[in-house]
Amino acid sequence: MGSFARALEDFFTLRSLALPTDQAERLAMGRRHRRVEAVPEPLRPAVAAFDISRMRAQDRARRAGTRPRSNHTLETALATLRDLANFLINERDKDGWSLVDVHDIEAFLAVLPRARKRRLTVLRQFFRFARSQKLVLVDPTRGLVAKEANGFRGQTLTLDQQRELFRRWTTEEHVHPHEALVGMLALLHGASSSEVRLLQITEVNHLAQSVRLGKRPHLVPLDPASWTVLQRCLAHREVWRTDNPHVMVTKGTKAGRSPASTAYLSHVLDECGSPPRMIRSTRLLDLVNTMDPKLVAAAFGMDPQATLIYLSDRIDETRLSQWETGRT
């Protein structure tokens, strides 16, 4: 469905003149089909059956009014099984699920150590399904543990790098307004890409110069530099002459009402060389080690346990070199 058709759909559904189409579901079905087709032929039927069972579970959850798995979750699981199947065929020379043992699973998880926990969760679900369908006799994931450290292991920015980015987004006029907005909100306010992507113009308080970010319980007051960057982004939005309610509007979303795509947000900071997650982690690391982690969790709308991983006694000293941290 093209951009004009999407614009017509938004126009008619917003005015209750038509029902929304199932375009999103059809696109998700196509993505799942491509992932299943990418599985080698000997291992494909089991993955296809697993996909069908998960879709039935999603439909039951919707009918029951509980929280169904999102399309993204289902697609990620199929991608993990696709990678495992190709690994078994190409690296382990095994063409049947019944031949898989714990050593094969460990070797596969060692390929991407940082994704071990997420991948192991998917593999446990699949092999439980395979065992219930008599496809395997023994679950090779039984007894495996995630073995993930509790401490923060990501990358952070030094103070000099932060100053350089701040000057770039506040003084250089050639920088795109979207890059400046995402960068400044992450650098100074610890905003995630999702929070900025879903930010709507109705959530901007011009009188108090504050915004509502994601699930944070209170409005986030903006400093003069961040407010100026936000005004640049709003002025850029006005050029599109759009009815899209979001602050960040792109060429592909100006005719509709959907937010900018996650793919667009993942590349919006490519020019500066620092990904949004690294910038946000730097801010969270600083706040947690200079304030009470529980206060930070309450201000950001996070689970209290989520901020504990940023405490200095759980992080390598080299990651805290940009500020003084007392250790005993």
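Residues numbered from 1 in each chain as written. Predicted model: local features only at pLDDT ≥ 70, side-chain atom pairs only at ≥ 80, totals over all residues. Heavy atoms only, no water.

Digging into the sheet that holds strand 2 (residues 210–211)
For sheets, the rule is that strands pair by backbone hydrogen bonds, running either parallel or antiparallel. Across the sheet, which stays open at both edges, the 3 strands sit in the order 1-2-3 with antiparallel pairing between neighbours. Each edge of the open sheet is held by one strand with a lone partner, namely strand 1 (204–205) and strand 3 (220–221). Pairing geometry for strand 1 and strand 2, over 2 bridges, is antiparallel. Its bridge partner lying in strand 2, Asn205 is registered against Ser210. (Pairing = 2+ DSSP bridges. Helix = DSSP H or I, 4+ residues; strand = E, 2+ residues; numbered from the N terminus.)

Description of unusual backbone geometry
The phi dihedral of Lys134 is positive, around 60°, even though this residue is not glycine. Following the sequence through the fold, Lys134 ends up in the loop between helix 6 (116–132) and helix 7 (159–171). The phi dihedral of Gln209 falls on the positive side, at around 50°, and the residue is not glycine. On the secondary structure map, Gln209 appears in the loop between strand 1 and strand 2.

With respect to the nonpolar core
Of all hydrophobic cores here, the largest spans 33 residues; its most connected members are Trp169, Leu181, Val211, Leu230, Val247 and Ile279. Of all the secondary-structure elements, those providing two or more residues to this core are helix 7, helix 8 (177–189), helix 10 (224–240) and helix 12 (276–290). Of the residues forming this core, the biggest block, 7 residues, is contributed by helix 8. Discounting chain neighbours no more than four positions away, the residues touching Val211 are Leu199, Glu203, Val204, Leu219, Val220, Leu222 and Leu230. Ranked by size, the runner-up nonpolar core spans 27 residues in total, among them Leu84, Val100, Phe108 and Phe126. (Core = buried A, V, L, I, M, F, W, Y, C linked by side-chain atoms within 4.5 Å. Buried < 20%, exposed > 50% of the residue type's maximum accessible area, 1.4 Å probe, protein only. Contact = heavy atoms within 4.5 Å.)

Looking at the side chain of Arg116
Topologically, Arg116 is positioned in helix 6. Here Arg116 is in contact with Glu106, Leu109, Val145, Ala146 and Lys147, once residues within four sequence places are set aside.

A look at the pattern of salt bridges
Evaluation of the coordinates by the stated rule reveals 19 salt bridges. Across the pair Asp83 and Arg82 runs a salt bridge, and its minimum N-O distance is 3.2 Å. For Glu179, the salt bridge identified is with Arg168, shortest N-O distance 2.7 Å. In this pair, Glu179 is assigned in helix 8 and Arg168 in helix 7, connecting sequence segments 11 residues apart. One salt-bridge network, held together by shared partners, links Arg92, Lys94, Asp101 and Asp104. (Salt bridge = Lys/Arg side-chain N within 4 Å of Asp/Glu carboxyl O.)

Examining helix 8
In an α-helix, one full turn covers 3.6 residues, which means residues spaced three or four apart are oriented alike. Taking 1.5 Å of rise per residue, 13 residues should cover 18 Å, and helix 8 covers 17 Å from first to last C-alpha, within 8% of that figure. With respect to burial, helix 8 is a largely interior element, 12 of its 13 residues being buried. Considered for burial, the residues of helix 8 that qualify are Pro177, His178, Glu179, Ala180, Leu181, Val182, Gly183, Met184, Leu185, Ala186, Leu187 and His189. (Expected span 1.5 Å × (residues − 1).)

Observations regarding helix 10
A rise of 1.5 Å per residue sets the reference length of helix 10, with its 17 residues, at 24 Å; its end C-alpha atoms lie 25 Å apart and thus fit the reference within 8%. What helix 10 keeps buried is the set Ser226, Trp227, Val229, Leu230, Cys233, Leu234 and Arg237. When helix 10 is viewed along its axis, its buried side chains cluster within an angular range of 160° and face the same direction. What points out from helix 10, more than 90 degrees from its buried face, is the exposed set Pro224, Glu238 and Val239. One or two residues past the end of helix 10 sits Arg241, with phi positive at roughly 50°. (Arc of directions from axis to C-beta.)

Remarks on the packing of aromatic side chains
Summed over the entire model, instances satisfying the criterion amount to 7 aromatic pairs. An aromatic cluster of at least three residues, connected via ring pairs, comprises Phe50, Trp97, Phe126, Phe127 and Phe129. (Phe/Tyr/Trp six-rings, centres within 6.5 Å; stacked < 30°, edge-to-face > 60°.)

Concerning the environment of Leu198
Following the sequence through the fold, Leu198 ends up in the loop between helix 9 (193–197) and strand 1. Once the C-alpha coordinates of Leu198 and Met248 are considered, the two residues, 50 residues apart in sequence, prove to be 8.2 Å apart. Contact partners of Leu198, with chain neighbours within four places excluded, come to Glu203, His246 and Pro259.

Focus: the packing of helix 8 against helix 12
Taken N-terminus to C-terminus, the directions of helix 8 and helix 12 make an angle of 25°; their axes are 7 Å apart at the nearest point. One element, helix 8, and the other, helix 12, form an angle in the roughly parallel class. Residues Val182, Gly183, Ala186, Leu187, Leu188 and His189 of helix 8 lie in contact with helix 12, whose contacting residues are Pro276, Ile279, Arg280 and Arg283. A breakdown of the residues in the contact of helix 8 with helix 12 according to their chemical character gives 6 nonpolar, 2 polar and 2 charged. (Axes fitted to C-alpha atoms, helices over the stretch in contact; angles between N-to-C directions. Parallel < 35°, antiparallel > 145°, perpendicular 65-115°, else oblique. Nonpolar A, V, L, I, M, F, W, Y, C, P; charged D, E, K, R; others polar.)

Considering the confidence of the model for the protein
With 93% of its residues at a pLDDT of 70 or more, the protein has an overall mean of 89. In the model, residues 319–328 has pLDDT below 50 throughout and makes 23 contacts with residues more than four positions away in sequence or in other chains. (pLDDT = per-residue confidence, 0-100.)

A short note on the environment of Ala146
Relative to the elements of secondary structure, Ala146 occurs in the loop between helix 6 and helix 7. Residue Ala146 is classed as partly exposed on the basis of its relative accessible area of 23%. For the pair formed by Ala146 and Thr282, sequence separation is 136 residues and the distance between their alpha carbons is 25 Å.

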